[in-house]
Each structure stands twice: as structure tokens, then as C-alpha cells.
Amino acid sequence: MADRITTHFPPHVVDQWAGLGLDVAALFSAGSLGERMGISVLEASPEKVIGTLPVEGNTQPYGLLHGGASAVLAETLGSVGAMLHAGPNKVAMGVDLNCTHHRAVRSGLVTGVATPAHTGRTSATYDITITDEAGKRVCTARLTCALRPAVSPRAADPGAAAPAS
């Protein structure tokens, strides 16, 4: 597995999330699944999210990049964009993902770029283009996320003690 890569966030994103006591790099990462697959989120803003995925370790029995791996990369990047668009008071939950696979890839690194198609108050849709190292399109995807109010971690934990009155 590759060394941990630091995601680049533009200053307006850093300012928006500063002081909340959150590990922003971890929050806007590929998560556990993406980490196991080797996904790296290189750049993240509501306007564009860029990430990579190694083909090695993410292939189907014929030795080609697995379509599900492309879907995980697409959903990861689109979700990060939707979460950044939503801001710290909302959460983004994927409700629809579609992927069209255009070309087989056997080795190297693929790169995904997610850009907004729609950013609203209750939903966000991102178009994701995945290309190979030669810049040839491998997959085109679209992710729609529902944006819902965030629940504080304490409120979400049924075992948390009730506040003193």
C-alpha cells in the first residue's frame, strides 16, 4: 500500500471546517474501503475532487480493472465533493450511482475527477470521469447524494449519558 498522501484543500474549505475539532483529512478521505483499495484523494473542494486508484490489487479474474473498483473510486470522489458542498452542518448520503465502463485497463494508475452537475440545498449530483495514465477515458459515472442535517456524535450514540439538567 502506498504511503499516506496529504489531500490539498483550498483555503476557503480549510477556513469553513476550522475549529470544529474534526480531522478534516480523515473525514474527506477514501475511508476504510478506499484505503484497502489504495485510493488517494489528492485534491478536494466543492468544485472539483481528484483522486487515484491503482489497478494492481483491484482487478477481476481476467486481470482487468474491476468495474466495482471504478464505482468505489467514483462514489468516493463524488461523496467528498457533496460533503464539502453541504458544509459541516449536513451529511451527504449516496442515493444513486451509475457507471459506464468504456475501456479495459490492466496496469498502472487511474485518475478520477469529480465535478458538480447540480448542487442544491437537499441534494448534490457529481459527474465523475476516470481516465488511464494515457488520459484515455476508462469510466464515466454520476453520483447523486441526499444532503441531510448532521446529527451530533453525542446525540447519535445511544449509550451517551444524558446532559445534566
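Think of each chain on its own: its residues are numbered from 1, step by step along the sequence as written. Residue-level local features of this predicted model are given only where pLDDT is at least 70; pairs of side-chain atoms are given and counted only at 80 or more, and the full residue set underlies all totals for whole chains, interfaces and linings. Excluding hydrogens and water, the side-chain figures rest on all heavy atoms present in the structure.

**Digging into the sheet that holds strand β1 (residues 40–44)**
Whether two strands pair comes down to DSSP finding at least two bridges between them. To qualify as a helix, a DSSP run of H or I must reach at least 4 residues; to qualify as a strand, a run of E must reach at least 2; elements of each kind are numbered from the N terminus. One open sheet holds the 6 strands; their spatial order is β1-β2-β4-β5-β6-β3, and the pairing between them is antiparallel. Where the open sheet ends on each side, the last strands, each with one partner, are β1 and β3 (90–101). Going across the sheet, the axis of each strand differs from the next one's by a mean of 25 degrees, ignoring polarity. Bridging between strand β2 (residues 49–54) and strand β4 (residues 109–119) involves 6 bridges; their strand directions are antiparallel. Across the sheet, P54 pairs through a bridge with L109, a residue of β4. We call two residues in contact whenever any of their non-hydrogen atoms come within 4.5 Å of each other. Under this scheme, a helix contributes an axis fitted over its contacting stretch, all axes are lines through C-alpha atoms, and angles between N-to-C directions fall in the 0 to 180 degree range. Docked against the sheet, helix α4 (residues 67–86) engages β1, β2, β3, β4, β5 (123–131) and β6 (137–149), running at close to 140 degrees with respect to β5.

**Considerations on the packing of aromatic side chains**
The aromatic pairing rule takes the rings of Phe, Tyr and Trp, using the six-membered ring of Trp, and pairs them if the centres are within 6.5 Å, calling planes under 30 degrees apart stacked, those over 60 edge-to-face and the rest tilted. What the rule picks out here adds up to 2 aromatic pairs. Between W17 and F28, the aromatic rings sit 4.9 Å apart at their centres with planes inclined by 80 degrees, giving edge-to-face as the arrangement. Here the residue W17 occupies a position in helix α1 (residues 11–17), and F28 occupies one in the loop between α2 (24–27) and α3 (31–37), the gap between them amounting to 11 residues.

**Quick look at the pairing of β2**
When accessible area is computed with a 1.4 Å probe and restricted to protein chains, residues below 20% of their type maximum are described as buried, those above 50% as exposed, and intermediate ones as partly exposed. Along β2, 5 of the 6 residues are buried, which leaves the element largely enclosed by surrounding structure. The pairing of β1 with β2 spans 4 bridges and is classified as antiparallel. Within β2, the residue paired with A44 across the bridge is V49. Hairpin connection, β1 to β2: the antiparallel pair is bridged by 4 residues.

**Re α4**
Relative to the 28 Å expected for 20 residues at 1.5 Å per residue, α4 spans 28 Å between its end C-alpha atoms, a close match to the ideal helical length. Among the 20 residues of α4, 15 are classified as buried, and the element is accordingly described as predominantly covered. G87 lies just past α4 and shows a positive phi near 85 degrees. Under the convention used throughout, the expected extent of a helix is 1.5 Å for every residue step, that is, one less than its residue count.

**So, the environment of Y62**
Mapped onto the fold, Y62 is located in the loop between β2 and α4. Owing to a relative accessible area of 68%, Y62 belongs among the exposed residues under this scheme. Sequence separation of Y62 and R106 is 44 residues, and the distance between their C-alpha atoms is 9.1 Å.

**Considerations on a nonpolar patch on the surface**
Together, L20, L22 and L27 give the surface a local cluster of nonpolar side chains, amounting to about 250 Å² of exposed area. Tracing the sequence through the fold places L27 in helix α2. Patch definition: residues with relative accessible area over 30% and no salt bridge; like charges joined within 9 Å; nonpolar side chains (Val, Leu, Ile, Met, Phe, Trp, Tyr) joined within 5 Å. Methods summary: accessible areas were calculated by the Shrake-Rupley approach with a probe of 1.4 Å, and residue burial reflects only the protein chains presented. Note on definitions: salt bridges are taken to be side-chain nitrogens of Lys or Arg within 4 Å of carboxyl oxygens of Asp or Glu.

**Here's the deal with the confidence of the model for the chain**
Per-residue confidence for the chain gives a mean pLDDT of 89; residues scoring 70 or more make up 88%. For residues 154–158, every residue scores under 50 in pLDDT, and the model assigns this stretch 3 contacts once sequence neighbours within four places are set aside. Scored from 0 to 100, pLDDT records how confident the predictor is in each individual residue. Note on residues 160–165: pLDDT is under 50 here. Beyond four places in sequence and across chains, it has 2 contacts.

**Examining the side chain of T7**
Note on placement: T7 falls in the segment before α1. On the accessibility criterion, T7 (11% relative accessible area) is buried. Two N or O atoms form a polar contact when they lie within 3.5 Å of each other; inside protein one atom must be a possible hydrogen donor and the other a possible acceptor, and for residues adjacent in sequence the pair counts only when both atoms belong to side chains. From its side chain, T7 meets the backbone oxygen of V41 in a polar contact 2.7 Å long. Ignoring sequence-local partners within four residues, the contact set of T7 consists of V41, L42, E43 and A44.

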